[in-house]
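Chain residues, written in single-letter form:
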Amino acid sequence: AQSVSQHNHHVILSEAASLELGCNYSYGGTVNLFWYVQYPGQHLQLLLKYFSGDPLVKGIKGFEAEFIKSKFSFNLRKPSVQWSDTAEYFCAVTPGQAGTALIFGKGTTLSVSS
Amino acid sequence: GAGVSQSPSNKVTEKGKDVELRCDPISGHTALYWYRQSLGQGLEFLIYFQGNSAPDKSGLPSDRFSAERTGGSVSTLTIQRTQQEDSAVYLCASSRYIDPLIGYNEQFFGPGTRLTVL
């Protein structure tokens, strides 16, 4: 069965520190990859997505992620975090075909102290 | 509407009772998904509707769970004979028509319904 693993359950950083959240998936075929963010008390929002093309994708709020096919990874990065980045981050995948549901990782809670 | 809406926002029920959760997708979105977010389990897919096609029910955890989508718009998730392990946040998402050449359209999530089974 397809699955998504997020390596870090809880990450604590100071403002201006660099961030990298790991995500690995298990699926051998073409995939679509996503990072979603859930700020405290808010809906899940799409941070960035990868369908095809340039494996380095840029999202909102200065986030980026790199798809490394050989490693089945899609790690999320931000060079300098802010207190407002405190949230829960979910990596998700769908197989490369129409109309399938998202398979989510268990999420990583990021706490940024000012 | 501006976004996906769900009601109620919170529901507290007693073990053994039936509950109904409602989702109003974004107007014009033909695909609708239900997910469950619970402690320790993360976000799990439950059921998916796309237009008039038969729904994908592969994520429903038991036959106590069912969902309908009337007129291709509003959806209701029903949980019969609720159990304490059903306590979770139930999320609904919708997306535009999925063009097979594109393969995927972004899913927009609602605020969720927090279900507590006592």
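Residues numbered from 1 in each chain as written. Chains lettered and ligands numbered in written order. Predicted model: local features only at pLDDT ≥ 70, side-chain atom pairs only at ≥ 80, totals over all residues. Heavy atoms only, no water.

**A word on the overall build of chain A**
Thinking step 1. Of the regular secondary structure elements, chain A holds zero helices and twelve strands.
Thinking step 2. Starting at the N terminus, the α and β elements of chain A follow one another as β-β-β-β-β-β-β-β-β-β-β-β.
Thinking step 3. The C-alpha extent of chain A, read off along each of the three principal axes, is 40 × 25 × 20 Å.
Thinking step 4. Expressed as a percentage of the 114 residues in chain A, the buried residues total 46%.
Thinking step 5. The contacts in chain A between residues at least 6 apart in sequence include a share of 54% that link residues at least 24 apart.
Thinking step 6. Across chain A, the mean location of the 8 positive side-chain charges is 6 Å away from that of the 7 negative side-chain charges. (Helix = DSSP H or I, 4+ residues; strand = E, 2+ residues; numbered from the N terminus. Buried < 20%, exposed > 50% of the residue type's maximum accessible area, 1.4 Å probe, protein only. Contact = heavy atoms within 4.5 Å. Lys, Arg positive; Asp, Glu negative; His and termini not counted. Charge placed at Lys NZ, Arg CZ, Asp CG, Glu CD.)

**Quick look at unusual backbone geometry**
Thinking step 1. With an omega of -10 degrees, the peptide bond between Ser7 of chain B and Pro8 of chain B qualifies as cis.
Thinking step 2. In this fold, Pro8 of chain B is placed in the loop between β1 (5-7) and β2 (10-13).
Thinking step 3. Even without being glycine, Ala16 of chain A reaches a positive phi, approximately 80 degrees.
Thinking step 4. Its place among the elements puts Ala16 of chain A in the loop between β2 (10-14) and β3 (19-21).
Thinking step 5. The class of Ala16 of chain A is exposed, set by a relative accessible area of 52%.
Thinking step 6. The phi angle at Arg81 of chain B is positive, at roughly 45 degrees, despite the residue not being glycine.

Honestly, that's just the spatial picture; any functional story needs more than this.
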